[in-house]
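Next come the chains, spelled out residue by residue.
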Amino acid sequence: MEETLEAEDVMAHAVWSGALTFGLVALPVQMFSATETHTIRFNQLQRGTSDRVRNKRVNERTGEEVPLAEIVKGYDMGDDYVVVEPGELEEIAPGRSKALEISGFVDLDTIDPIYFDKTYYLGPKSKEYAKVYALLHEALSRSNRAGIATFVMRNREYLVAVKAEGDILTLHTLHWADEIRDPRTEIGTLPERAKVAERELATAVQLVEALSVDWDPETYHDTYQEKVLELVQTKRAGGTVEKSEPAPRSTNVIDLMGALQASIEKAKTGGGKAEEAAEGAEEAELRPPVQLKDAAEKRRTRQADKAAAKKGTKKAATAELEGLSKTELYQRATDAGIPGRSSMSREELVKALASHAAEPSGGGRRKKRAS
């Protein structure tokens, strides 16, 4: 199957199309960008005029403009340049991939998030390939695995992961291993192992719990972009825009405990937090640091009560699950999103589902709240 670059239509523009292959199965697909940026772009003008400022390619020694046909690439060797002609790069460039061949499937949980780069949607080339598309999607979803492949697009080779998300297949370009920087060599101020006082740690944990929220990306937006648009509109109307508040000062290590306590108070009075978290923040506000041991003992008691309740729930769930067939257990594991379920025995499925049922909200991990 030959690769084609799809023409732009009303809906979207396919950045690549070809055959996705796994084993002896081939699925013609189209690839679409999954994200877009909303950067506000300005033109450069000469002050006092509406004249655009243009960039020119000039010889840095003579100051004269250089025609595009006379420009070559040079690799700096330190004491000299190795000149490379455009045609030479084209000769060694890999051909654009006609296929996206999956070489293996890996557990999604083993891919460190730092490797993910850009996300694309994958769609079937046409409706006649819907069954094969659905087959691969369901297989990846049930196994909690991603297909790993390499392919070439725009004269560049990419390492990619194909995975199921929602009801579609997505392709994530990945960084190569040698592109990941070592934080120890990049950050000179990174501490080896800083000692943290237990009192400060307990208060910091309470602050984290007081500020815990459910993840909802719709609640976050680009405020800087909004301010830029406001600036443009206000200046056009002849008005002025107030300056932003200055950046917060760094916390003095000596005042760290005070800053933590003040932050908890602010979180409590700010509202919008969970009731339990607010109660925990109030306790931290009212009790002096010397009573942290009593508070820790209360937390341990509550945790023990929760563990006992969880154990009872797990026991009851196990009794119910024991009466199901492996097929029924597997279907429940699929619905619950249990990772690694495809390789589990019947006993392992029962154990995993029982543990899942004992978790808050039926296994969905929720934010921990202070009691």
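Scroll up for the structure.
Summary of the structure given here. (Residues numbered from 1 in each chain as written. Predicted model: local features only at pLDDT ≥ 70, side-chain atom pairs only at ≥ 80, totals over all residues. Heavy atoms only, no water.)

A closer look at the pattern of salt bridges
The following threshold applies: Each reported salt bridge corresponds to a side-chain nitrogen of Lys or Arg within 4 Å of a carboxyl oxygen of Asp or Glu. Only protein chains enter the area calculation, which uses a 1.4 Å probe; residues under 20% of their type maximum are buried, those over 50% are exposed, and those in between are partly exposed.
Within this structure, the stated rule accounts for 5 salt bridges. Residue E165 is joined to K163 by a salt bridge in which the shortest nitrogen-to-oxygen separation is 3.0 Å. Exposure remark for E165: the relative accessible area of 32% places this residue in the partly exposed category.

A closer look at a nonpolar patch on the surface
Definition in use: Residues enter patches when they are more than 30% accessible in relative terms and free of salt bridges; like-charged ones are connected within 9 Å and nonpolar ones (Val, Leu, Ile, Met, Phe, Trp, Tyr) within 5 Å. Only the protein chains shown count as cover for residues, and all accessible areas are computed by the Shrake-Rupley method using a 1.4 Å probe. Under the DSSP-based scheme used, a helix requires at least four consecutive residues in state H or I and a strand at least two consecutive residues in state E, with every element numbered from the N terminus.
Where nonpolar side chains cluster on the molecular surface, the patch consists of V72, Y81 and V83 and spans about 290 Å² of accessible area. On the secondary structure map, V83 appears in strand 4 (residues 81-84).

Topic: empty space enclosed by the protein
As a reminder, the rule being used: A 1.4 Å probe that fits into a set of points on a 1 Å grid over the protein atoms alone but cannot get out defines a cavity; an open set with protein on both sides within 12 Å along at least five of seven lines defines a pocket, and lining residues are those with an atom within 4 Å of a point. Grid points are joined across faces, edges and corners, and a volume is the space filled by probe spheres set on the points. Each residue gets one label: Ala, Val, Leu, Ile, Met, Phe, Trp, Tyr, Cys and Pro are nonpolar, Asp, Glu, Lys and Arg are charged, and the others, such as Gly, are polar.
Taken as a whole and assessed by the stated rule, the structure comprises 2 cavities of 30 Å³ or more. Counted as a void, the largest cavity has a volume near 60 Å³. Lining the largest cavity are D117, R156, E157, Y158, L159, L174, H175, W176 and E179. Among the elements that take part in the lining of the largest cavity, strand 8 (residues 156-165) stands out by supplying 4 residues, more than any other. Across the lining of the largest cavity, the residue classes tally to 4 nonpolar, 1 polar and 4 charged.

Notes on the nonpolar core
Let me state the cut-off plainly: Side-chain atoms within 4.5 Å link the members of a nonpolar core, which is a set of buried Ala, Val, Leu, Ile, Met, Phe, Trp, Tyr and Cys residues. Contacts are assigned to residue pairs with any non-hydrogen atoms lying within 4.5 Å of each other.
Core analysis: the largest hydrophobic core is formed by 23 residues, its most contacted members being L20, M31 and L100. The set of elements that each furnish at least two residues to this core consists of strand 1 (14-22), strand 2 (25-33), strand 5 (99-107), strand 6 (116-124), helix 2 (130-143), strand 7 (145-153), strand 8 and strand 9 (168-174). Not counting chain neighbours up to four residues away, the residues in contact with M31 comprise H13, A14, V15, W16, Y120, Y121, L122, F151, M153 and L171. Counting 13 residues, the second largest nonpolar core, distinct from the first, contains L321, M344, L349 and A352.

Structural notes on the sheet that holds strand 5
For clarity, the cut-off: Whether two strands pair comes down to DSSP finding at least two bridges between them. Angles shown run from 0 to 180 degrees and are taken between the N-to-C directions of axes, each axis being a line fitted to C-alpha atoms and, for helices, limited to the stretch in contact.
Read around the closed barrel, the 7 strands follow the order 1-2-6-9-8-7-5; overall the barrel is mixed. Each strand axis lies, on average, 40° off the axis of its neighbour in the sheet, ignoring direction. Where strand 7 lies against strand 8, 7 bridges are found, and the strand directions are antiparallel. Each bridged residue has a counterpart across the sheet, and for V152 the counterpart in strand 8 is E157.

Some details on the packing of aromatic side chains
For any pair of aromatic rings, the description rests on two quantities: the centre-to-centre distance and the angle between the ring planes. Applicable threshold: Think of it this way: a Phe, Tyr or Trp ring, Trp meaning its six-membered ring, pairs with another when their centres are within 6.5 Å, and the plane angle makes it stacked under 30 degrees, edge-to-face over 60, tilted otherwise. Geometrically, a charge over a ring is one whose NZ (Lys) or CZ (Arg) sits within 6 Å of the ring centre while staying within 35 degrees of the ring normal.
Under the counting rule described, the total for this entry stands at 3 aromatic pairs. Ring geometry for F151 versus Y158: centroids 6.0 Å apart, planes at 35°, classification tilted. The pair F151 / Y158 is uniform in exposure class, with both members buried. On the numbers, 5.6 Å between centres and 25° between planes, the contact of W215 with Y220 is stacked. We note that W215, like Y220, is exposed. Linked through ring pairs, W16, F151 and Y158 together constitute an aromatic cluster. Directly above the ring of Y120 sits K118, whose terminal nitrogen or CZ lies 5.5 Å from the centroid.

Topic: a negative patch on the surface
Formally: Counted as positive: Lys and Arg. Counted as negative: Asp and Glu. His and the chain ends are not counted at all. Positions of charges follow a simple convention, taking NZ of Lys, CZ of Arg, CG of Asp or CD of Glu.
Where like charges cluster on the molecular surface, the negative patch consists of E85, E88, E90 and E91. Position of E85 among the secondary structure elements: in the loop between strand 4 and helix 1 (86-92).

Focus on the layout of surface pockets
Unfilled space is identified by rolling a water-sized probe across the atoms. If you add up the space inside the second largest pocket, you get close to 230 Å³. As for the second largest pocket, its lining consists of Y224, K227, V228, E230, L231, V241, E242, K243 and S244. Looking at the lining of the second largest pocket, its residues break down into 4 nonpolar, 1 polar and 4 charged.

Thoughts on helix 9 (residues 326-336)
Spelled out, the test is: Note that the arc is defined by the directions from the helix axis to the C-beta atoms.
Within the span of helix 9, buried status applies to L329, Y330, A333 and T334. Around the axis of helix 9, the buried residues are gathered within 140° of arc, so they sit on the same side. Exposed residues pointing more than 90 degrees away from the buried face of helix 9 are listed as T327 and D335. Remark: G337 follows helix 9 within two positions and exhibits a positive phi of approximately 70°.

Quick notes on the pairing of strand 2
Examined bridge by bridge, strand 1 and strand 2 share 8 bridges and lie antiparallel to one another. By the bridge assignment, W16 is partnered in strand 2 with M31. Counting the residues in the hairpin turn of strand 1 and strand 2 gives 2 residues, including G23, whose phi is positive at 65°. Here strand 2 runs beside strand 6; their pairing, made up of 5 bridges, is antiparallel. The residue bridging Q30 from the neighbouring strand is G123, located in strand 6.

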